[in-house]
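Below, each chain spelled out in residue letters.
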Amino acid sequence: AFCRRVTQTLKPIYTETNGGNGYLVVQPAFESFSAEYKIAEAIRAFWKLVNRPNLIIALPVGVLSPSVFGELLSEGVNLGFSSVTSESRIREIAETYLAALESRAAEGKTMGTLCCMAAVEADILDNTLEAEKLNDIFPMLTSQIADCVGSFNQSERMKKLMDAGAKPLRILWM
């Protein structure tokens, strides 16, 4: 009930910005699930329960294989990926999002409500990088990630989908 109330409160912002803002990002605890299919089923059930286009269900990158998170995106579930620490992970997320959008377009399904987000968390990057190299590497790594997302969103394939109503891949700096 809480998520439904919050997404309803944010709905005017979501509507006014045409899905540009007004999202609730929730990261449920999936540690209790040992199998990927159980996590996917829990995500589907939660998505159906809340039933709001401005909900994003976040999970740590790597919890689901690209094929499973692509399947969920293709079904219309908004997903966010936390703990992103590399350009290669961003590319993996971007390619999976693109494939899901193309699948939805081929099936004649709407793309305008589907949202995918990658969250780059500064504290995780801090823990990943050696302290003495942090000042040198952090700006370069964040720039690479931002450039990767920007290039993806400007690609011909993505532009074509955005012209048809798809939303760009989002990046959230935390």
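Scroll up a little and you will see the structure.
Everything numeric here is computed off the predicted structure, so don't read it as measured data.

Next up on the list: the side chain of serine 82. Tracing the backbone through its elements, the reader meets serine 82 in strand β3 (residues 79-82). Once you skip the residues sitting within four places of it in the chain, serine 82 turns out to touch Gln27, Leu59, Pro60, Val61, Ala119 and Glu121.

Quick look at the nonpolar core now. In terms of nonpolar packing, the biggest core is built from 43 residues, with Ile43, Leu79, Phe81, Ile93 and Tyr97 touching the most fellow members. The element that contributes the greatest number of residues to this core is helix α4 (residues 87-106), accounting for 7 residues. Counting residues in each nonpolar core, the second largest holds 6 residues, with Tyr14, Tyr23, Met117 and Ala119 among its members.

Looking now at the packing of helix α3 (residues 66-74) against α4. At their nearest, the axes of α3 and α4 sit 8 Å apart, and the two run at 40° to each other. As summarised for this structure, α3 and α4 are arranged oblique, according to the angle between their axes. As for the relative orientation of α3 and α4, their crossing is right-handed in sense. In this structure, α3 contributes Pro66, Phe69, Gly70, Leu73 and Ser74 to the contact, and α4 contributes Glu92, Ile93, Thr96, Tyr97, Ala100, Ser103 and Arg104. The residue inventory of the contact of α3 with α4, partitioned by class, reads 6 nonpolar, 4 polar and 2 charged.

On the basis of which strands lie adjacent, the open sheet formed by 5 strands has the order β1-β2-β3-β4-β5 and parallel pairing. Looking at which strands have only one partner, the edges of the open sheet turn out to be β1 (24-26) and β5 (170-173). Taking each pair of neighbouring strands and ignoring which way they run, the sheet shows an average axis angle of 25°. In the sheet, strand β4 (residues 116-120) pairs with β5 via 4 bridges, with the strands oriented parallel. In the strand pairing of β5, alanine 119 is matched with leucine 172. Along the sheet, helix α2 (residues 36-50) makes contact with β1, β2 (55-60) and β3, crossing β2 at roughly 160°.

Scoring rules and cut-offs
Residues numbered from 1 in each chain as written. Predicted model: local features only at pLDDT ≥ 70, side-chain atom pairs only at ≥ 80, totals over all residues. Heavy atoms only, no water. Helix = DSSP H or I, 4+ residues; strand = E, 2+ residues; numbered from the N terminus. Contact = heavy atoms within 4.5 Å. Core = buried A, V, L, I, M, F, W, Y, C linked by side-chain atoms within 4.5 Å. Buried < 20%, exposed > 50% of the residue type's maximum accessible area, 1.4 Å probe, protein only. Axes fitted to C-alpha atoms, helices over the stretch in contact; angles between N-to-C directions. Parallel < 35°, antiparallel > 145°, perpendicular 65-115°, else oblique. Left-handed = near helix turned anticlockwise from the far one by under 90°. Nonpolar A, V, L, I, M, F, W, Y, C, P; charged D, E, K, R; others polar. Pairing = 2+ DSSP bridges.

These results come straight from atomic positions and should not be treated as a statement about function.
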